[in-house]
There are 2 protein chains.
Amino acid sequence: MIPDTELPIPANGPGADVQAMADAIRFLALDSILNAGEGHQGVPLGMAEIAATLYARHLKANPKDPLWPDRDRVVLSNGHGSMLLYALLHLAGYDHVTVDALKSFRKLYSVCAGHPEIEQEAGIEITTGLLGQGIACAVGMAVAEQRLAAEFGAGLVDHRTWAFVGDGCLQEGIGQEAISLAGHLRLGKLTFLWDDNHITDDGDTALSISEDVPERFRAAGWHVQAVDGHDIGAIDVAMRMAMLDPRPSIIACRTVIARGIPRLQGKRGGHSAPLVPGDADEARVARGWHHPPFEVPAAVRADWARAMTRGAAAQAAWTERLATHPQAAAFRRWKAGALPEDWDGIVARLTREVATAEPHPTIAASGEICDALAGHLPETLVLCADLEAPTDHKRSRAAFTSAERAGSYVHCGVREHLMGAMADGIAAHGGLRPINVTYLAFADYERPAMRMAALMGLPALFVFSHDSIGVGSNGPTHQPVEILASFRAMPNMRVFRPADAVETAEAWAIALETRDGPSLLALSKQPAEQVRSPGAANLTRRGAYVLSEPGCRRDLTLIATGTEVGLAMRAQRALAGQGIGAAVVSMPCWELFEAQEPEYREAVLGTAPRIAIEAALSFGWDRWLRPADRFIGMQGFGASARADVLYDHFGLTEASIVATAHGLLGR
Amino acid sequence: MIPDTELPIPANGPGADVQAMADAIRFLALDSILNAGEGHQGVPLGMAEIAATLYARHLKANPKDPLWPDRDRVVLSNGHGSMLLYALLHLAGYDHVTVDALKSFRKLYSVCAGHPEIEQEAGIEITTGLLGQGIACAVGMAVAEQRLAAEFGAGLVDHRTWAFVGDGCLQEGIGQEAISLAGHLRLGKLTFLWDDNHITDDGDTALSISEDVPERFRAAGWHVQAVDGHDIGAIDVAMRMAMLDPRPSIIACRTVIARGIPRLQGKRGGHSAPLVPGDADEARVARGWHHPPFEVPAAVRADWARAMTRGAAAQAAWTERLATHPQAAAFRRWKAGALPEDWDGIVARLTREVATAEPHPTIAASGEICDALAGHLPETLVLCADLEAPTDHKRSRAAFTSAERAGSYVHCGVREHLMGAMADGIAAHGGLRPINVTYLAFADYERPAMRMAALMGLPALFVFSHDSIGVGSNGPTHQPVEILASFRAMPNMRVFRPADAVETAEAWAIALETRDGPSLLALSKQPAEQVRSPGAANLTRRGAYVLSEPGCRRDLTLIATGTEVGLAMRAQRALAGQGIGAAVVSMPCWELFEAQEPEYREAVLGTAPRIAIEAALSFGWDRWLRPADRFIGMQGFGASARADVLYDHFGLTEASIVATAHGLLGR
């Protein structure tokens, strides 16, 4: 036990009845689940004491200003236990989470959805529920806090990240990646509160795990404590110790799942077995809670209200500091996600700089752009999964490490899934613009986290190199053929495959201007022919455009993306020599093109026969092709050989375009 | 040190010069990489001693019969180091891996591809290269061996799984999942040979990891040893100890990356920096290897040949045991992947059994089928990621556990990615039919492993429940809307979304009859109306078919999949009442329909206006719809509410089909 005077945040007065505060959570959750007719009671009933202790004694947040930037972040990684969070938010006084909201639990467009759906005004920091995502996002939030604190100082940025964690989160690979990197980066303000209840959906955790979880955390450099998860005093002390330790902390809280329901507590059915009204009655007797459903005694409400004054007071002091802070303007710009003044000028300059006459890999152009933006947009934070050299997005950036928090490049190791979720956490935290970099083949590893970015509408940028068979002899495992289509299929994800450096710069500009969803850039390892000159408007904004009209009439339209646009341009010239007029349409972003007026789309695509060319499968291309039109691309997986050999082998050549044109036009 | 007499497999005679055997690997790899002009020298040069010791002293395999079922399995999880494997296979005497093959390294359709591509006749057990997949597949192989040994006894099945492992494999989440479950299941015949070289692509591993890797393995119940990875004696002893220990073993082999090239060894560039001819010259001097490129001295070749006689002798003894084994016929059938006699009768019976008049969730029908097959096809092995109750595919099956290897149901824990790769490993091992079960929302977690199954053409079955907004109030995180499309986009993956229990049985039959690729079943949580009666031919085989013709002329074609087929049938009846003749086409599998003759496809789809109905996004549906046709489905992500509320909310209703039909027909 350490003396109170050494503790960073004093405990509240001894007057608060934290056990009653916990029981208030327990019964609001129970009543809400019974009212909804379904839900997961295991977590809210099992973690009520842990949650109440956190909010009563330690959490820094102001429910009356949920968006206060320096608030502690709370992540419910075991999102199926969402009623824990909703009960907490209601009791803490978040206006959006009324009793009526609790009564609408699991109903259409209720703030109390089945799993937490991001709504920061309501205190819901991030969408969780697919196991493991939450704690990985929490790692991103903790990184964001440290990066921002390095920039603006502890006077403006000094908060903690708390994550409620279930067994499933710790079994998932992404959770394991999170443990490893958080320990490596010594994210000392990150605390996991593990609901160590020995039960998963299948029953006893012993069915599927026998590892020594605390030892696993110790091996990764974490501060590990174990407590009785219903002993408020012990939880309180452990939280204090966690706050004092420079390492990330896990508190293994031994809990009884569904604690309070005699029929279910400690059992497999405690997780989510359907409740009956008798369960609530018996729980009320068992816990000595003699209040009607949804009713919280005034004394308990008063304890909750008093607890939350700590955050309000902290915010008041913070607001005073901000008012006189020399970097206040920059802080506000970063926080707002606003682009710097003269953004258009910056983009125009860097587009000119990256545009070269020589063929150039689009991933290299992207690296140049990213580097140029490091100065203009210091709020960009680049994450890369052990591919610094082949993607080259570090350049002048310093690394963000355990010792140096001012860096804007995170070596994430070979942990793509974590990296994706960190980007979500960083974007949800606010103040920084996350940029992920790896190979497109590894997008499948990141995909669940990218889906979360799309679902949440977070402005994250996912940059991928090695976008096609252009990978060459590393072979089909590393050659995307279906991955473009798989992301074009994802709602709210903008997929860009730029033709050259200019389109790459345009895509970057659009991605950074986009505040309501993620963007994906699929870029080439191999040199892309330069098909555009800088100076004109950002043509990529319309998704597709006529890059080159034929000299006279349009006999044919060639539609291409990425490196195949250069190929189409060469075919256009060859066809012109044969008296065939072909327009070349560059189509870097389907989603933006789909959003244009039909008249624009029709004008671009034209009425002439069409040939689409893309070094990928045709899946999805029927959207832009009519039955008589043709597609030149891949038929299946790639192969291991040099890129030029593969392009020939799979028929992605000028000659094949010309021959297809002849067939199509009956010549 | 333990006396030789206690060791399970005696070492070869002291005559073999294992160091020279190792240097032969080293220089064949170096020469091949120089010849190809690119490649990753770090692994083959760094792991040469480890590999030579394994093959010289311990491996049980017969290069003259690469498919011998009781061979040890070798997995190169750090697949970028593929030249290690090719050099090994060449020296061990696998006929496919000639010197010419080595000289074709990284050339089109060479057996020596950039990353290992499965070709078991050549000794390449499995495709690897996306980091972490290999060791997860190895866990599957080790499970397969134990399950088969329980069935047929150690006389027929008694082999080990050895995996070469790099740092990246251990950083990936899937690798962490593999460690955890392998320890839990006490897979004592699994050994990881870790290339602990302190270097990843970015440079020193300290850039991205500081965890105590051996401790991490110990926490998961592994047997852990550490050796100098160039000390053949030490490696030999560690391998013996690993074979004696009942736990899975990791041997942390401290190695010098690219050992032998003075300019690069131990450095970041050792990983894959381009080599120059001088590197080979200097390496020859440094290692005292005075032989021309691709030349292996006769004495070294003789040592290699002698080493491999151990496996040949073991196979000879095994063949004798098989000849008189009472279960020889069953063993051969399992091994061949052949279906039991009277398969058609079995399928017909179970189709009758699952077909009910009442609406029934297709996941429940699948559970019944899986259970019925447990007796007929005892070689099926079901893996489930902590969703036993809601997917209900365990039923009469016993669990495969650390104590009981005869079980055919593996509780994989909340580790979907591992589970997918285990299915790949089990299928590649042979003898068993893996069946994975989880929710479709988690298919994104499994996807990279499913892609590997498709790429390798492995007969794995991926069963998913909760296929749509039918999930209900668990909300959009758990509701697939784009996942069907994302897998329809994947080559060689058959995606089935059956309409009812009969189509579910048909899809199961097709999946189990398919030997050359994986199948995916997307099944409903909510009851599906029964639209088919058993007895007819397997209509699902054609991918789509006319389920119901209109009474008279066809004014309209309704195309649907899954639970929406029942909806289409109701709409058909409503339209018939209004004098509109609508045909209903059930389209459970696009890939199979695509493979039909155009005439059949045209007859099914007809010339009348079409409405497609699927509780998913329209992406990809343009393949089957003309511009004037309509799609009724989702526009974006789902929401949290009861399934029936969501179907109404998103317009997936009989009324909306009828209204759309009116609009389309101008009524």
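For every chain, the first residue of the written sequence is number 1, and numbering continues from 1 along that sequence. Chains carry letters and ligands carry numbers; both start at the beginning, A for chains and 1 for ligands, and go up in the order they are written. Where totals are concerned, whole chains, interfaces and linings use all residues; where local detail is concerned, this predicted model gives features only for residues with pLDDT of at least 70, and gives and counts side-chain atom pairs only at 80 or more. The basis for the side-chain values is all heavy atoms of the structure; hydrogens and waters are excluded.

Colleague: Tell me about the relation of the copies chain B and chain A, and name the residues and values.
Modeller: The fit set for superposing copies consists of C-alpha atoms from residues with pLDDT of at least 70 in both; the fit itself is least squares. For these two chains of identical sequence, chain B goes onto chain A by a turn of 180° and a shift of 0.0 Å along the axis, with RMSD 0.0 Å. Within this description, the copies of the chain are treated as partners about a two-fold rotation axis. For chain B, the residue whose C-alpha comes nearest the rotation axis is Gly173(B), separated from it by 1.8 Å. With an isologous cut-off of 70% or more, the 100% of interface residues of chain B that recur at the interface of chain A puts this contact in the isologous class. Contact criterion: two residues are considered in contact whenever any of their non-hydrogen atoms come within 4.5 Å of each other.

Colleague: Any chance you could break down the confidence of the model for chain A for me, citing the residues and the numbers?
Modeller: Residues with a pLDDT of 70 or more make up 98% of chain A, whose mean pLDDT is 96. Reported confidence for the predicted complex is 0.97 by ipTM and 0.97 by pTM. pLDDT measures how confident the predictor is about each residue, on a scale from 0 to 100.

Colleague: I'd like a description of the nonpolar core, backed by residues and values.
Modeller: For the purposes of this section, nonpolar cores are sets of buried Ala, Val, Leu, Ile, Met, Phe, Trp, Tyr and Cys residues that join through side-chain atoms within 4.5 Å. Between buried and exposed lies partly exposed: a residue is buried under 20% and exposed over 50% of the maximum accessible area for its type, with that area taken using a 1.4 Å probe on protein chains only. Counting 140 residues, the largest nonpolar core has Leu558(A), Ile613(A), Leu558(B) and Ile613(B) as the members making the most contacts within it. What Ile613(A) contacts, discounting residues up to four positions off in sequence, is Leu558(A), Ile559(A), Ala560(A), Thr561(A), Glu564(A), Leu567(A), Ala568(A), Ile632(A), Leu652(A) and Ile657(A).

Colleague: Before we move on, can you summarise the pairing of strand β18 (residues 582–586) of chain B with the specific residues and values?
Modeller: Residues and elements named next belong to chain B. The helix count covers DSSP runs of H or I at least four residues long, the strand count covers runs of E at least two residues long, and both are numbered beginning at the N terminus. The buried fraction of β18 amounts to 5 of the 5 residues, a majority that puts the element mostly inside the structure. Burial along β18 is two-sided: Ala 582, Val 584 and Ser 586 facing one way and Ala 583 and Val 585 facing the other are all buried. Only strands that DSSP links by at least two bridges are regarded as paired with each other. With 3 bridges connecting them, strand β16 (residues 545–548) and β18 associate as antiparallel partners. By the bridge assignment, Tyr 545 is partnered in β18 with Ser 586. As paired strands, strand β17 (residues 556–560) and β18 are joined by 5 bridges and run parallel to one another.

Colleague: Mind laying out the packing of helix α3 (residues 48–58) of chain B against helix α4 (residues 82–92) of chain B, listing which residues take part and the relevant values?
Modeller: All names here are of chain B. Axis definition: a line fitted to C-alpha atoms, limited for helices to the stretch in contact. Angles are taken between N-to-C directions and run from 0 to 180 degrees. Contact pair α3 / α4: the axes reach a minimum separation of 11 Å and the direction vectors enclose 35°. In terms of crossing hand, the pair formed by α3 and α4 is right-handed. Here Ala 48, Ala 51 and Tyr 55 of α3 come into contact with α4, specifically with Leu 84, Leu 88, Leu 89 and Ala 92. Two helices that cross are described as forming a left-handed crossing if the nearer one is turned anticlockwise from the farther one by less than a right angle, and a right-handed crossing if clockwise.

Colleague: Tell me what's going on with unusual backbone geometry, and back it up with residues and numbers.
Modeller: All names here are of chain B. A positive phi angle, close to 70°, is found at Arg 106, a residue other than glycine. Its location among the elements puts Arg 106 in the loop between α5 (99–103) and α6 (133–152). Of note in the backbone geometry, Ala 258 takes a positive phi value of approximately 55° without being a glycine. Mapped onto the fold, Ala 258 is located in the loop between β7 (249–254) and α11 (277–287).

Colleague: Residues and numbers for helix α14 (residues 343–354) of chain A, please.
Modeller: All names here are of chain A. The terminal C-alpha atoms of α14 lie 17 Å apart, and with 12 residues this matches the ideal 16 Å at 1.5 Å per residue to within 8%. If you check which residues of α14 are buried, you get Trp 343, Gly 345, Ile 346, Val 347, Leu 350, Thr 351 and Val 354. Residues of α14 that are buried in the fold lie against β8 (360–361), α15 (362–376) and α20 (501–513). By this rule the span expected of a helix is its residue count minus one, scaled by 1.5 Å.

Colleague: Which residues make up the interface of chain B and chain A, and what values do they have?
Modeller: On the chain A side, the residues contacting the 94 residues of chain B number 94 residues. Each of two parts loses accessible area, computed with a 1.4 Å probe, when they are put together; buried area is these two losses added. With both chains or domains summed, chain B and chain A bury close to 7800 Å², and 55% of this area falls on carbon and sulfur atoms. Considering only the surface of chain B that becomes buried against chain A, Tyr445(B), Arg451(B) and Phe619(B) emerge as the three largest contributors, covering 9% of it. Between Lys or Arg on one side and Asp or Glu on the other, a salt bridge is scored when a side-chain nitrogen of the former is within 4 Å of a carboxyl oxygen of the latter. The interface formed by chain B and chain A includes 8 salt bridges.

Colleague: Talk me through the UniProt feature "domain: Transketolase-like pyrimidine-binding" (unreviewed entry) in chain A; I want residue IDs and the actual numbers.
Modeller: As recorded in UniProt, the feature "domain: Transketolase-like pyrimidine-binding" (unreviewed entry) lies at residues 360–531 of chain A. As annotated, residues 360–531 of chain A comprises 38% helix and 18% strand, and the C-alpha atoms at either end are separated by 11 Å. UniProt positions are given in the numbering used here, feature names are shortened, and annotations may be inferred rather than shown by experiment.

Colleague: Kindly report on the pairing of strand β12 (residues 461–465) of chain B, identifying the contributing residues and their values.
Modeller: Residue and element names in this part refer to chain B. The element β12 is extensively covered by neighbouring structure, given that 5 of its 5 residues are classed as buried. Here β12 shows a buried face lined by Leu 461, Val 463 and Ser 465 and a second buried face lined by Phe 462 and Phe 464. Where strand β11 (residues 433–439) lies against β12, 5 bridges are found, and the strand directions are parallel. Following the sheet pairing, Tyr 439 is matched in β12 by Ser 465. Here the term right-handed applies to a crossover when the path leading from its first strand over the helix to its second strand runs clockwise, the strands being oriented away from the viewer. One crossover worth recording links β11 to the parallel β12 by way of helix α18 (residues 443–456), and it is right-handed. Relative to strand β14 (residues 519–522), β12 is paired through 4 bridges, and the arrangement is parallel. In the strand pairing of β14, Phe 464 is matched with Ala 522.

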